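# Survey of secondary and tertiary structure
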Amino acid sequence: MKRSQNIENFFHVKEKRVATEAGSSEAERHVRDERNEQQSSLSTKLSADQDGGPLTLDMNTAHPQLKISEELLSAERVKDKQPYPDHPDRFEYWSQVLSCQSFSSGTHHWEMEVEGVWRVGISYKSIKRRGKERSAVLGCNSVSRSILQTDKKELLVWHNDNQTVLPVTRSPSRVAVSLDYSAGSVSFYEAGDTLTHLHTFSTTFTQPVCLGFGVYNTDPHSRVAIVKK
């Protein structure tokens, strides 16, 4: 969390200084472009981390219509494309993003605030990034597993393009993912004062896995934010 606060403070000071020196739209664009470069550079550095450090989102994978927070903890679907630089790791068609960190051992637990139409999952880094094919969607291939809330407030779990509708009558505002790498299990929960189990996938992992978000709609407003890592 200390590193995220430092990142946020750095960008705040940088924006304030440039805007004071030159309060023009050109200066503001310069600050925005510089911030994107800084975030991209930071994502590249963090992508090298394995099994350690705070969980953050990888700007280099973020679809252009996902607005990533400065602390790299939340993704919001927006109408306008963000000025992200081209990158081979970026999702081209599906509005998704992966975490910088990947995990090849141990047990891990994350909680996210969720809103609108969203998908939260676990994936190998080898997930497809280009094209409109469903094989690039979290849970619609053999390398990822996910939970999805639809625009009809249905909850479904997905793996290898197979779906299971969950018998849930309310829409969660917070969900949790628990990973036990050696046991090969990924469990999804509704998070609150207590954890309510929703579904568990069992497998044998053969590659490091990372967390992934899909945030697909602007109406309803859709967002996923990491709140416990």
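Sequence order as written defines residue numbering, which begins from 1 separately in each chain. The predicted origin of the model limits local features to residues at a pLDDT of at least 70 and limits the giving and counting of side-chain atom pairs to 80 or more, whereas totals for whole chains, interfaces and linings rest on all residues. As a convention, hydrogens and water are excluded, and side-chain values are obtained from all of the structure's heavy atoms.

## So, the pattern of salt bridges
A side chain of one charge can pair with a side chain of the opposite charge when the charged atoms of the two come close. This is how it is decided: We define a salt bridge as a side-chain nitrogen of Lys or Arg found within 4 Å of a carboxyl oxygen belonging to Asp or Glu. Strands here mean DSSP runs of E at least two residues long; helices mean DSSP runs of H or I at least four residues long; both are numbered from the N terminus. Residue exposure (1.4 Å probe, protein chains only): buried if accessible area is under 20% of the type maximum, exposed if over 50%, otherwise partly exposed.
The full count for this structure, using the stated rule, is five salt bridges. Put simply, Arg223 and Glu113 hold a salt bridge, and the shortest N to O gap is 3.9 Å. Of this pair, Arg223 sits in strand E13 (residues 223-228) while Glu113 sits in strand E4 (residues 107-115), and the two are 110 residues apart along the sequence. Overall, Glu113 belongs to the partly exposed group, its relative accessible area being 34%.

## Section: the packing of aromatic side chains
The test is simple: To pair, rings of Phe, Tyr and Trp, with the six-membered ring standing in for Trp, must have centres within 6.5 Å; the planes then decide the type, stacked if under 30 degrees apart, edge-to-face if over 60, and tilted in the middle. In our convention, an over-ring charge means Lys NZ or Arg CZ found within 6 Å of a ring centre and within 35 degrees of that ring's normal.
Taken as a whole and assessed by the stated rule, the structure comprises four aromatic pairs. Positioned over the ring face of Phe91 is Arg129, at 5.4 Å from the centre of the ring.

## Description of the environment of Val97
To keep it simple, the criterion reads: Two residues form a contact once any of their heavy atoms are found within 4.5 Å.
Turning to its location among the elements, Val97 is positioned in strand E3 (residues 96-98). Residues Val97 and Met59, 38 residues apart in the sequence, show an inter-C-alpha distance of 7.7 Å. Look past the residues within four positions of Val97 in its chain and what remains in contact with it is Leu57, Asp58, Thr61, Ala62, Leu66, Ile68, Ala75, Phe91, Leu211, Gly212 and Phe213.

## A closer look at the environment of Glu115
The cut-off we apply is this: Throughout this description, a polar contact denotes any pair of N or O atoms lying within 3.5 Å of each other; where both atoms belong to protein, one of them has to be capable of donating a hydrogen while the other can accept it, and for residues adjacent in sequence the pair is counted only when both atoms sit in side chains.
Within the element layout of this structure, Glu115 appears in strand E4. Its relative accessible area of 36% is what places Glu115 among the partly exposed residues. Each C-alpha atom of the pair Glu115 and Gln149 lies 9.0 Å from the other, and the pair is 34 residues apart in sequence. Excluding anything up to four places from it in sequence, Glu115 contacts His221, Ser222 and Arg223. In terms of polar contacts, Glu115 uses its side chain to reach the side chain of His221, at 2.9 Å.

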